[in-house]
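# Understanding the architecture of this molecule
Here's the letter readout for the chains.
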Amino acid sequence: MSYDLLFRGGRIVDGSGLPPYMGDIALKDGKIVEIGRIHGGAVKTINVDGLVVAPGFIDHHTHMDGQIQWDPYATSEPEHGITSIVMGNCGLALAPVKTGDEEALIKSFVRVEAIPRSVLEQGVRWGWHSYGDYLDRLEGRLGINVAGLVGHIAVRQYVLGDASTERAATTEEVQRMKQLVREAMEGGAIGFSTNRNDRHMREDGKPVPSRLAEDEEVFQLCDALGELNAGVIQINEGQTKIAKHFALYDHVARRTQRPIVWQILRYIASRPNLWKEQLDAVAAIFQSGQRAYGACSTMPTVRRFTLKNTQVFDEFPTWKNVLCMPIDARRQALADPETRRRFRADFTDPRPTLFHRRWEFVKVEKVVKSENEKFTGKSVAEVGAMCGEDPLDAFLNLALGEDLETAFQNANSGGDQQAMAEILRSPHVLIGNSDAGAHVQYGAQFGYGSTLLGLWVREREVMSLELAVHKLTFEVASVYGLAGRGLLQPGYAADLAIFDPGKIQSCEPEWAQDYPGGTKRLIQRALGMHYTVVNGRVICEDGRLSGDLPGQVLRTPAYKGQSVAVGA
Ligand SMILES: [Zn+2]
């Protein structure tokens, strides 16, 4: 037999979690056809001696809904061995949509996901109505595989229009939304996402529509998946309130019997015991036979920001108001002693917040003026001490002196090694929370997999290589219902990540100007990732994209074939 592509002499880590073994792997017509000692020839043979051959990684938490329209590779995903992505998370999706409502959907993406408006205006080629129609238009234009969740925000906007940001839905409206979710699933969505995170608002300051949903609305829309017996439910309820949120996950899982993935399980400096409470709460749900996976990132979260452009302080009312003002008014307010008094008062609110209110965790990344160079790399607490000022004053004075262009970094999560090791190893945790395609000027976490393999497996030895690969591949494919992917087995899709286990790591994010209109954003490269193969074809070799477009839209068994646009 002649194969299309043959990788010889690799260390096979097959995604099952079983120990690695030496072998060749042969691909034909987009599938894996043989593994082991292979005697036949191939159109192309590549020696991968010393490298690991693994299933391609699956990034289940992205906001690539827009970017995939102009970037068929969803860069920098392939650079890290990622061969499939899931978009439509957190309730945000670009379909279903009525003609004239496109703008309303953009408003959520611009603010919640911090994707510059001009980029979406230039890059998204509208024209679809139904979710299936949106997916169908991607077919044939993809370098990477793409699956989509239908988002509650889009569904609610579709049925309630402008009232979607103002009120609860009527019983009849809920039924129409439920029907839309069902149609989206039959059009190829792999699940449903919802978002009642109270930090999430649109560009115009209104809450994202899904925040107005009562519990019963959420339940009914999730029931659409239960009735189809297909799909995953992704839930973003925001800052985890243990009793309330876990009761909700348990209830939804029980009534639908569908897997739930919730955001976000992590170590955060501002609530150092939260992760343990979350793991305990979720263990109880699994013990009772229901599935509610916590999603977790592998990377310490670092957000870059300036006072011209930031979401770091959004949970504090005075800060939020001031940082949404036009620049001139904002400058005045930041200098005003009364405003600063109110800033301080905001920080004394006893309610737990994501922002830790600890100036030693906020660092000066880059200054504008040479006389401020001495502050680079220092924490705001240190800057305060150097200037003989209160840290808050030092922080605002530094930024004001540089026309609000000073770049800061805020680190909040992922800092505690022991906590992270326990979280990453938990069978109730899904690894991967890249948020790729979102917050594009604040950070880049495309490399969550490379970081797992480099930092947590090789350097810190918190788990075996085969367990890490399992968690990046088959575990995700199983929860998300991506049949025939995530394992190296004959008959499975030929999606591969081939890397050097001694070198793999993610690089520091760097700026690129590759968004529509030459807009800047942060990308992230990898070291040690050699080949990324999608459906049997190499799409990325040593960080270089091939130009080939073998990607497919991935759908669930509920898919009924080419979709018919719903009446708009
Ligand atoms: Zn998200």
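Further up the page is the structure itself.
Overview of the structure. (Residues numbered from 1 in each chain as written. Predicted model: local features only at pLDDT ≥ 70, side-chain atom pairs only at ≥ 80, totals over all residues. Heavy atoms only, no water.)

## Notes on the overall build of the chain
How we decide: The helix and strand labels rest on DSSP assignments: H or I over at least four residues marks a helix, E over at least two residues marks a strand, and numbering proceeds from the N terminus. Only C-alpha atoms enter the radius of gyration; for comparison, a globular chain is expected to reach 2.2 Å times N to the power 0.38, where N is the number of residues. For each residue, the accessible area found with a 1.4 Å probe, counting protein chains only, is set against the maximum for its type, and the residue is called buried under 20%, exposed over 50%, and partly exposed in between. Note on definitions: a residue-residue contact is assigned when non-hydrogen atoms from the two residues lie within 4.5 Å. Residue-level accessible areas treat just the shown protein chains as cover; the underlying method is Shrake-Rupley with a 1.4 Å probe.
Assigned secondary structure in the chain consists of 18 helices and 24 strands. Scaling as 2.2 N^0.38, a compact globule of 568 residues should have a C-alpha radius of gyration of about 24 Å, and the chain matches this with 24 Å. Its C-alpha atoms give the chain principal-axis dimensions of roughly 80 × 60 × 50 Å. Taken over 568 residues, the chain has a buried fraction of 62%. A sequence separation of at least 24 residues applies to 74% of the contacts in the chain between residues at least 6 apart. Total accessible area on the chain is roughly 20800 Å²; 49% of this is exposed by carbon and sulfur atoms.

## A short note on the sheet that holds strand β14 (residues 362–366)
We count it as follows: When DSSP locates at least two bridges between a pair of strands, those strands are taken to pair. Fitted lines through C-alpha atoms serve as axes, helices being fitted only where they are in contact, and the angles separating the N-to-C directions of these axes extend from 0 to 180 degrees.
The sheet built from three strands is open, its strands ordered β13-β15-β14 with antiparallel pairing. Edge positions in the sheet fall to β13 (302–305) and β14, since each of these pairs with one other strand and no more. Strand after strand, the sheet turns through a mean of 30 degrees between neighbouring axes, direction not considered. One ladder, built from four bridges, connects β14 with strand β15 (residues 407–411); its direction is antiparallel. Bridged to V362 within β15 is N410.

## Re the sheet that holds strand β7 (residues 82–87)
Pairing in this open sheet of eight strands is parallel, and the strands run β6-β7-β8-β9-β10-β11-β12-β16 from one edge to the other. Single-partner strands in this sheet number two, and they are β6 (57–59) and β16 (429–431). In this sheet, neighbouring strand axes are inclined to one another by 25 degrees on average, regardless of whether the strands run parallel or antiparallel. Pairing of strand β12 (residues 292–296) with β16, which is carried by three bridges, proceeds in the parallel orientation. Residue pairing across strands places G294 opposite V429, the latter belonging to β16. Strand contacts of helix α7 (residues 215–228): β9 (191–195) and β10 (232–236), with the helix running at about 165 degrees to β9, the strand carrying the most contacts.

## What to know about the coordination of the zinc ion
Our working rule: Water is not part of the atom set, so a site may look incomplete; the donors themselves are N, O and S atoms within 2.8 Å of the metal, or 3.2 Å for Na, K and Ca.
Surrounding the zinc ion are the protein donor atoms H61 (NE2), H63 (NE2) and C90 (SG), at 2.1 to 2.4 Å. Taken in chain order, the donor set of the zinc ion reads H-x1-H-x26-C. We classify H61 as buried; its relative accessible area is 2%.

## Quick word on the pattern of salt bridges
Here is the rule: Within this document, salt bridges are pairs made up of a side-chain nitrogen of Lys or Arg and a carboxyl oxygen of Asp or Glu, the two lying within 4 Å of each other.
In total, this model carries 39 salt bridges according to the counting rule given. D24 serves as the salt-bridge partner of R8, at 3.1 Å between the closest nitrogen and oxygen. With a gap of 16 residues between them, R8 in strand β1 (residues 3–12) and D24 in strand β2 (residues 21–28) connect regions that are remote in the sequence. We classify R8 as partly exposed; its relative accessible area is 30%. One network of salt bridges, with partners in common, ties together K178, R182, E186, E227 and K560.

## Notes on the packing of aromatic side chains
Note the following rule: In summary, the pairing rule links any two rings of Phe, Tyr or Trp, Trp by its six-membered ring, whose centres are within 6.5 Å, and it sorts them by plane angle into stacked for under 30 degrees, edge-to-face for over 60 and tilted for everything else.
Applying the stated criterion to the full structure yields 25 aromatic pairs. Look at F316 and F347: their rings are 4.8 Å apart centre to centre, the planes differ by 65 degrees, and that puts the pair in the edge-to-face class. Remark: F347 occurs in helix α12 (residues 337–347) and F316 occurs in the loop between β13 and α10 (317–323); sequence separation between them is 31 residues. Among the residues examined, F316 registers a relative accessible area of 0% and is labelled buried.

## Side note on the nonpolar core
Quick reminder of the rule: What we call a nonpolar core is a set of buried Ala, Val, Leu, Ile, Met, Phe, Trp, Tyr and Cys residues that are connected through their side-chain atoms within 4.5 Å.
With 127 residues, the main nonpolar core has Y131, Y480 and F499 as its most contacted residues. Excluding residues within four positions of it along the chain, Y480 makes contact with H60, V86, I190, V232, V261 and L430. By size, the runner-up hydrophobic cluster in this structure holds 28 residues, among which are F316, V322, L323 and A333.

## Focus: helix α9 (residues 274–287)
Formally: Helix span, as expected, comes to 1.5 Å for every residue beyond the first.
For α9, which comprises 14 residues, the first-to-last C-alpha distance of 20 Å matches the rise-based estimate of 20 Å (1.5 Å per residue) to within 8%. Buried residues along α9 sit in contact with α8 (242–256), β11 (260–263), β12, α15 (417–425) and β16. G289 sits one or two positions beyond α9 and adopts a positive phi of about 95 degrees.

## Details of unusual backbone geometry
Here the amide bond leading from T75 into S76 is cis, since omega sits at 5 degrees, within 30 degrees of zero. Along the chain, the position of S76 falls in the loop between α1 (67–70) and β7. Between Q263 and I264 the backbone carries a cis peptide bond, its omega angle lying at 5 degrees. Within the chain, R357 stands out as a residue other than glycine whose phi angle is a positive 60 degrees. Along the chain, R357 turns up in the loop between α12 and β14. With phi around 45 degrees, H439 is a residue other than glycine that occupies positive phi space. Relative to the helices and strands, H439 is located in the loop between β16 and α16 (448–459). Looking at H439, the relative accessible area reads 8%, which means it is buried.

Treat this as a map of the structure, not an account of what it does.
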